Amino acid sequence: MYQLINKFHRKIKALCVLIAALFVSMTMRAQTDSGSIVVQKDARIDMLVKKQIQINEETTRDSRRNIPGYRIQVINSSDRNKVFAAKTKIYQEYPELKPYLIYQAPNYKLKVGNFKTPEEADSYLKLLSKLYPSGVYLVHDIIEVKLDKTE
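These numbers come from a predicted model, not from an experiment.

### Structural notes on the confidence of the model for the protein chain
On average, the protein chain scores 82 in pLDDT, and the residues at 70 or more come to 83%. When the elements of the protein chain are averaged for pLDDT, helix 1 (residues 2–32) gives the smallest value, 69, and strand 3 (residues 107–115) the largest, 93.

### Description of the environment of Arg65
Of note, Arg65 is situated in the loop between helix 2 (43–64) and strand 1 (66–77). You can call Arg65 partly exposed: its relative accessible area is 38%. Here the alpha-carbon distance between Arg65 and Lys146, two residues 81 residues apart in the chain, equals 6.6 Å.

### Comments concerning helix 3 (residues 80–93)
Taking 1.5 Å of rise per residue, 14 residues should cover 20 Å, and helix 3 covers 20 Å from first to last C-alpha, within 8% of that figure. The opening residue of helix 3 is Asp79, an N-cap whose side-chain oxygen sits 3.3 Å from the backbone nitrogen of Asn81.

### Notes on unusual backbone geometry
Residues Ala105 and Pro106 are joined by a peptide bond in cis, for which omega reads 0 degrees. With respect to the helices and strands, Pro106 occurs in the loop between strand 2 (99–104) and strand 3.

Cut-offs used in this document
Residues numbered from 1 in each chain as written. Predicted model: local features only at pLDDT ≥ 70, side-chain atom pairs only at ≥ 80, totals over all residues. Heavy atoms only, no water. pLDDT = per-residue confidence, 0-100. Helix = DSSP H or I, 4+ residues; strand = E, 2+ residues; numbered from the N terminus. Buried < 20%, exposed > 50% of the residue type's maximum accessible area, 1.4 Å probe, protein only. Expected span 1.5 Å × (residues − 1). Polar contact = N/O pair within 3.5 Å; in protein donor to acceptor, adjacent residues only side chain to side chain.

The structure is reproduced here in structure tokens:
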């Protein structure tokens, strides 16, 4: 009988400890639940947000750099060597004019420059007409525009 009472006593003690632990945890929870939330933000999050903004700006800038404009078509020929020679000559004479070589079977076309308006292209049109009197034309095209970092 003594063993039975001792066993019962241990169970009562364990149950009291469990009830006490539950009571303590509930009172702690009640003390911390004041209805307000405190957010602690890591400073690195701001750095990541700024970096993502910079990346987004750079990637969208690339998609905005092509606009409608004008180029000067210098030559249109099926003779590949003639067109490549013209490209080399223009590249040497006018390095600021970016050449664009296009193949549309059976012809090669050489266009140069990135001009927003016909007026911008006018001076180069006159100079190139002297080099290639057979026909230099101003044509509508999608041009590349260099954007500043601030745009």
